[in-house]
There are 2 protein chains.
Amino acid sequence: MLKNLPIGTQTDVLIEPRTFFNEKELKEILKKCGLKITKQRVAVLKVLSSGPRYHKTAKDILEEVKKNFPNIGFATIYRLLKRLSQAQMILEISMGAGSSCYELKTKQQSHYHIACLNCGKIIEFKNKMIETTLEKIVLEKNYTLKNQVVEIYVNCDSCKNQ
Amino acid sequence: MLKNLPIGTQTDVLIEPRTFFNEKELKEILKKCGLKITKQRVAVLKVLSSGPRYHKTAKDILEEVKKNFPNIGFATIYRLLKRLSQAQMILEISMGAGSSCYELKTKQQSHYHIACLNCGKIIEFKNKMIETTLEKIVLEKNYTLKNQVVEIYVNCDSCKNQ
DNA sequence: ATAAAAATGAAAATCAAATTCATTTAAAAT
DNA sequence: ATTTTAAATGAATTTGATTTTCATTTTTAT
């Protein structure tokens, strides 16, 4: 259904697979943010740049990093996440209640999120028309665009079929 | 600048002034949600449906309602906000850090938000094209749309001129 | 190597939001 | 109108996420 849409109105664009960074690149990120390179920070970035789940909470990250640094605590994680957010290197996604998720920005640009209110699954999508429209709105107002968030909350099909 | 855009690409549509509800209408809202009518609840809804600030935090609401009900506490506020959210009567807006803001839904449909990262000012805007696109995306996937959030984070002009 | 500046981690503090429970209130049924 | 009953209230506590503090350790530039 809804196939063969006129050009420019296709809504669903798949996200290319995540770009993984090697250790050297992760260190570059820290440098670019004016942060000193520590093993803990590299470990946190490694978690953010890999793994099966795209969107990780501070707790996810802590648990993962603890495997190699059993003494690391939330303080270190949150401090780094905040600095990286401020430097626009990561994206904080706070979808309603609960804890925020974080994702490392890659070359791939603005993508958006669909979240199932039932099972919590998050799907990414891109849409050039929305992106352009939002840029235009900001430009018209003579503001400076810092970030754009588009989130659709749904009940997904696997949830509906239960 | 950027005037005379082709039809369908205008980005900035002003929001009509907020619809105020009278006491009877507010009670209707509670009934529709299957909630008993209490003076505290009517007072909370009255705050949500009026006043100079469109987006109110639980704290804003508490302080306002306390003027007439000095003993009311957060428990009552949060409980009601949660029930109203679940009944889709209000919109919870959690923009990054800090507490969520809540706004009463009116007949006027999906509108979006521009927030200044500096001064925290929030501006509403509407955009039919984005709205339709998001609906289309959900339809294509055979999901059920529950809510859509579009947020632009900027530095606004009054902030830039400082 | 060494000094200066920054980062770490354990613990405590803060803040938003949810919960508990004894008491009160609204609304349905007499 | 009164009684009944189920739900709502509010004070206090709890939970959970995030931030801060501070003594100690590590990084980086010299």
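The following refers to the structure shown. Here the structure is a predicted model, which is why all the values come from computation and not from measurement.

What about the pattern of salt bridges?
Evaluated as defined, the whole model comprises 8 salt bridges over all chains. Two residues, Glu63 of chain A and Lys59 of chain A, come together in a salt bridge whose shortest N-O distance is 3.7 Å. Within this pair, Glu63 of chain A and its partner Lys59 of chain A are both found in helix 3 (residues 58–66), separated by 4 residues, close to a single helical turn. In this structure, the salt-bridge partner of Glu64 of chain B is Lys67 of chain B, at a minimum N-O distance of 3.3 Å. Take Lys67 of chain B: its relative accessible area is 63%, and that puts it in the exposed class.

Observations regarding the protein's contact with DNA strand C
The environment of DNA strand C is made up of 19 residues, and the closest members are Thr38, Arg41, Asn71 and Arg79 of chain A together with Tyr78 of chain B. Here Thr38 of chain A contributes a side-chain N or O atom positioned 2.6 Å from a phosphate oxygen of DNA strand C. At 2.8 Å from a phosphate oxygen of DNA strand C is found a main-chain nitrogen or oxygen belonging to Asn71 of chain A. Those elements giving two or more residues to the surface near DNA strand C turn out to be helix 2 (39–48) and helix 4 (74–86) of chain A together with helix 4 (74–86) of chain B. A class-by-class count of the residues in the surface near DNA strand C yields 6 nonpolar, 6 polar and 7 charged.

Brief notes about the sheet that holds strand 3 (residues 101–104) of chain A
Hydrogen bonds between backbone atoms are what pair the strands of a sheet, whose relative direction is either parallel or antiparallel. All names here are of chain A. Within the open sheet, the 3 strands sit side by side as 1-3-2. Their pairing is antiparallel. Edge strands, defined here as strands with exactly one partner in the open sheet, are strand 1 (56–57) and strand 2 (90–93). Pairing analysis gives 4 bridges linking strand 2 to strand 3, with the strands arranged antiparallel. The partner of Ile90 across the bridge, within strand 3, is Leu104.

Here we look at the sheet that holds strand 3 (residues 101–104) of chain B
Residues and elements named next belong to chain B. Strand order in the open sheet formed by 3 strands is 1-3-2, with antiparallel pairing between adjacent strands. Each of the sheet's edge strands pairs with one partner strand only, and the pair in question is strand 1 (56–57) and strand 2 (90–93). In the sheet, strand 1 pairs with strand 3 via 2 bridges, with the strands oriented antiparallel. From the neighbouring strand, Thr57 faces strand 3, where its bridge partner is Cys101. Taken strand by strand, helix 4 contacts strand 2 and strand 3, and its axis lies near 110 degrees from that of strand 2.

Thresholds applied
Residues numbered from 1 in each chain as written. Chains lettered and ligands numbered in written order. Predicted model: local features only at pLDDT ≥ 70, side-chain atom pairs only at ≥ 80, totals over all residues. Heavy atoms only, no water. Salt bridge = Lys/Arg side-chain N within 4 Å of Asp/Glu carboxyl O. Helix = DSSP H or I, 4+ residues; strand = E, 2+ residues; numbered from the N terminus. Buried < 20%, exposed > 50% of the residue type's maximum accessible area, 1.4 Å probe, protein only. Near = heavy atom within 4 Å. Polar contact = N/O pair within 3.5 Å; in protein donor to acceptor, adjacent residues only side chain to side chain. Nonpolar A, V, L, I, M, F, W, Y, C, P; charged D, E, K, R; others polar. Pairing = 2+ DSSP bridges. Contact = heavy atoms within 4.5 Å. Axes fitted to C-alpha atoms, helices over the stretch in contact; angles between N-to-C directions.

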